[in-house]
Structure formats: structure tokens, C-alpha cells
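# Overview (structure and organization)
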Amino acid sequence: MVNREFKGEEAGMRILVSGAGVAGLSAGIDLARAGHTVEIVERAGHLRINGSPIDVRGDSVGVVERMGLLDEVTGRSITMTEGAKFVDDNGDVIAPQPMSETNDSDDDIEIPREDLMRVLRKALPEEAQLRFEDSVRTLTDDGDQVTVVFESGREGRYDLVVGADGAHSNVRRQAFGPEREFSRHLGLYVAIGAAPEEAAPENTAHSVHILNLPGRMACIGRYRDQALAIFTFRSEEIEYDHHDLAAQKRILTDFYGEDRQWRIPQLLSAAQADPELYFDAIAQIHMPTWHRGRVVLIGDAAHCATPMAGRGTSLALTGAWLLTEALTRHDGDHTAAFTEYERRQRPYSDKAQESANGGADLMVPATWEDIERRNARLLPAR
Ligand SMILES: Cc1cc2nc3c(=O)[nH]c(=O)nc-3n(C[C@H](O)[C@H](O)[C@H](O)COP(=O)(O)OP(=O)(O)OC[C@H]3O[C@@H](n4cnc5c(N)ncnc54)[C@H](O)[C@@H]3O)c2cc1C
């Protein structure tokens, strides 16, 4: 189905999208509907749908509506953060998490990440190709086209390459330079794994229970019939291969292996057992520009704001949409299109990155005194 809103006179470029997360799938949907020939290449062997519920906020709600997906997305929404609470070692609630400090938007749809990924996958037009277990090995932009050699040995020529391969983007590294030039570590790491439903406190349909220790938090999130083990801890940058799951699990044990409080041992063994554990540094990506020649970045690859901002998904949806709109408007002039996409997307990403500041002090106070102060602030009359 070609979307008339996008259809330009000369639509029909051959576009490679690297990464099939929210940004990559959204770009696949929007660009294919605009009449382009789209190929998406995903490094994993399947869609990586796990993670905690995420937010579709602000103007990205309008984007989802224009994509024709609003009913499906709202139909699967949940309200988890309303139930967020800080607890003590016994699991007794000691303070609520203030909504005003985590959400400043009236337009906010909270939806399990897996649900949003399924909605996007279903909406991807059949003519868009989705290839798994492959990745860009080299990119050569000769000015007229980009020649791509894949890890599988395949080779292809494309009019444009869209890097939607996340915070550790391979396309960014190849076209713009090493990650360290753009990455800003916020001093935290996060791990999210599946937990058994019985790990969650009873009588809580959608809830988040958080225990703080100095510089660490452990959390049980629960929605529908699912439970999640979530860990966030303060640390300087740690050297490890971010594709090495065993190394990530070892790091988690280094930080929580001695903790016996509350349900931490149970949550830790659940995280250790999860083959899809999500583990990453909380680090932002700051780049002076998101395009070079015929290569452009969207989503976390361009401007990761971190889960602390709660806006990564919204930015991914908006960026894919604005890029497609700009390519239609500047039919045949990709440089003008990329420039316009960047000009319109920047205010969203700047605001999101800014909003991540201060999240650590609320969610992961550094000392017992800081934890006490935070709790007293949330419950002044206690
Ligand atoms: C498994 C997973 C779980 C997540 N859970 C949470 C969460 O709980 N809370 C939260 O706030 N954010 C989470 N995120 C991040 C969140 O999805 C993003 O911040 C946001 O949706 C923007 O998405 P993105 O598509 O730009 O990047 P991502 O969601 O990171 O997607 C990037 C995609 O590119 C693929 N990829 C990576 N390298 C290559 C390569 N070399 N070649 C091809 N493909 C590649 C990845 O496998 C992934 O599918 C998670 C991301 C992932 C991948």
C-alpha cells in the first residue's frame, strides 16, 4: 500500500535499513508505503521484542495515528507507572514514585515493548524485505550509490542507507567514526530480564516495586501475566564486548551477587537464566550531524537518550516519519531531505536527552543518606 501522503513524483529509491528495532521497523513501514524499495537487515536471528513496557509520548502519538496504528497501540496499552513504589528490605512500601518526575506529557501511551514490536512487524508491507542474521560488513559511498558488503558475503547497491541499529550502531561506526567519539556515559548500567510471575508482590496487576541500596536498585515490574527483573546500578564505564551475554551476566553478578535483601537473589537468578537479557550502559549518543553522503542515522543510533528519558521509542517513531516526509518533499535531493529531517528531529532529541538528567538521583541514589533524603522528599509528612 503506497501512502499518498508520502508519494512523491519520483519516489522509488532502493533503501537499506540496518536494524529491525522500533526505528528500523518504523522506517521500513513509512519508506515502503512512500513507494521506496526497502530492505531491512537485522543482526539477531529474530526480532528482539523483549524489554520493559515503553512510552509513546507527545507528538509521536500523532505519528502513530498517521501510520494508521493508533487503535492497535492504544488497544494494547497498560498503565504500569501509576503503581511504581519504593520498598524496604521487607517489601513494605516506603514511598511512591512521583509521576510528575517521570512524565511531563499528557499524551502518553504505555505499551509493552513486545506488543509495539508486533504491531510494527504486522504493519510492515509485504514488499519490504526483512533479513535476519546478517549485518553490514563494509559501506562504500561513491556519491551515486552505496555499495554494501554484508557479513553473509552478499553484496548490494543502494541509493540510501539508514542506520537504525541502536546505540552501538555499526553503520555509525563505519560512516562517522568510533562510538567513543559520540557516546556520553551517564554513570549507570541497566539490565532487564524475564522473572517468574510469582516473584512479583501479590494483588498487583500492573506494578513496579523498587528496592534501593547505595548506588544500586533492584526492581520487579509486573504487567498482565508477566514479571520483569530490572537492575540499575552506578558504575564508571566497564570494558566488555556488548555482544557477549555471558560477560554481561558476570557483571550483574559482580554488582548484586552478595545482596540477600528482599527478592534480589530470586531476581538475579531469573536474570541469569534469561537468554534474551537486555543489558547496556546508560549512555547517550551526541553527534554534530546524523547524515553523511547517502548514509543517515535514526533512533538510538543517532541520538540515544537512554531509558532514563523514557523517550527512545517516541524519538524512533518520529525520526522515521520525519525522514520519510523529508525524502518525499525533496524528491531526488537526499542531502536537502536529510538536512530537513535533522532540523525537525533535533528539538525532540535535545529535549529527550535533557530530560534524562537527574533520573539517577531519583532512581539510584548513591548513598544511604541520599536514599533517606529522596524518601523524605517524596513523603514529607512521614
Ligand atoms: C532487546 C531490547 C530491549 C530493550 N528494552 C528496553 C527497555 O526495557 N526500556 C527502554 O527504555 N529501552 C529499551 N530498549 C531500547 C529501546 O528499544 C530504544 O531506545 C528505542 O526503541 C529506539 O529504538 P531503536 O530502534 O533506535 O534501537 P534498538 O531498540 O536498540 O534497536 C536496534 C536494532 O538493531 C539491531 N542491530 C544492532 N546491531 C546491528 C547490526 N550490526 N546490524 C543489524 N542490526 C543490528 C538490534 O538487534 C536491534 O534489533 C531495548 C532495546 C532492545 C534491542
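This is a predicted model, so every value here is computed, not measured. (Residues numbered from 1 in each chain as written. Predicted model: local features only at pLDDT ≥ 70, side-chain atom pairs only at ≥ 80, totals over all residues. Heavy atoms only, no water.)

## What to know about the side chain of Ser 18
Tracing the sequence through the fold places Ser 18 in strand β1 (residues 14–18). Here the side chain of Ser 18 touches Asp 165 through a polar contact of 2.9 Å, side chain to side chain. Not counting chain neighbours up to four residues away, the residues in contact with Ser 18 comprise Val 41, Val 162, Gly 163, Ala 164, Asp 165 and Val 171. (Helix = DSSP H or I, 4+ residues; strand = E, 2+ residues; numbered from the N terminus. Polar contact = N/O pair within 3.5 Å; in protein donor to acceptor, adjacent residues only side chain to side chain. Contact = heavy atoms within 4.5 Å.)

## Brief notes about empty space enclosed by the protein
Scanning the entire structure with this criterion turns up one cavity of 30 Å³ or more. Surrounding the largest cavity, Arg 14, Ile 15, Thr 37, Val 38, Glu 39 and Gln 129 form its lining. Take the lining of the largest cavity: its biggest share by element is three residues, from strand β2 (residues 37–42). For the lining of the largest cavity, the residue count by class is two nonpolar, two polar and two charged. (1 Å grid on protein atoms, 1.4 Å probe; cavity = no way out; pocket = protein on both sides within 12 Å on 5 of 7 lines; lining within 4 Å. Points joined across faces, edges and corners; volume = space filled by probe spheres on them. Nonpolar A, V, L, I, M, F, W, Y, C, P; charged D, E, K, R; others polar.)

## With respect to the domain arrangement of the chain
The accessible area lost on association of the parts is a frequent measure of interface size. Each assigned domain of the chain is listed here: domain 1 (14–78 + 108–182 + 284–355) and domain 2 (81–105 + 186–282 + 359–378). Here domain 1 and domain 2 have C-alpha centroids that lie 28 Å from each other. Contact with domain 1, which involves 24 residues of that partner, is made by 25 residues of domain 2. Surface buried jointly by domain 1 and domain 2 totals about 2,000 Å² across both partners, of which 51% is contributed by carbon and sulfur atoms. Looking at the side of domain 1 facing domain 2, the largest losses of area belong to Ile 78, His 168 and Met 308, adding up to 27% of the total buried there. Joining domain 1 to domain 2, the criterion identifies two salt bridges. Between Asp 115 and Arg 224 there is a salt bridge whose closest N-O contact spans 2.8 Å. Between the two partners, domain 1 and domain 2, sit eight residue pairs in polar contact (both at pLDDT 80 or more). Within the residue set of the side of domain 1 that touches domain 2, elements represented by two or more residues are β6 (108–111) and α4 (113–123). (Domains from an automatic or database assignment. Buried area = accessible area lost by both parts, 1.4 Å probe. Salt bridge = Lys/Arg side-chain N within 4 Å of Asp/Glu carboxyl O.)

## Side note on the sheet that holds strand β8 (residues 136–141)
Strand order in the open sheet formed by three strands is β8-β9-β10, with antiparallel pairing between adjacent strands. This sheet does not close on itself; its edge strands, each paired only once, are β8 and β10 (155–158). On average, each strand axis in the sheet is inclined to that of its neighbour by 20°, with strand direction left out of account. Bridge analysis of strand β9 (residues 146–150) against β10 gives four bridges, and the strand direction is antiparallel. Paired with Val 146 across the strands is Tyr 158, a residue of β10. (Pairing = 2+ DSSP bridges. Axes fitted to C-alpha atoms, helices over the stretch in contact; angles between N-to-C directions.)

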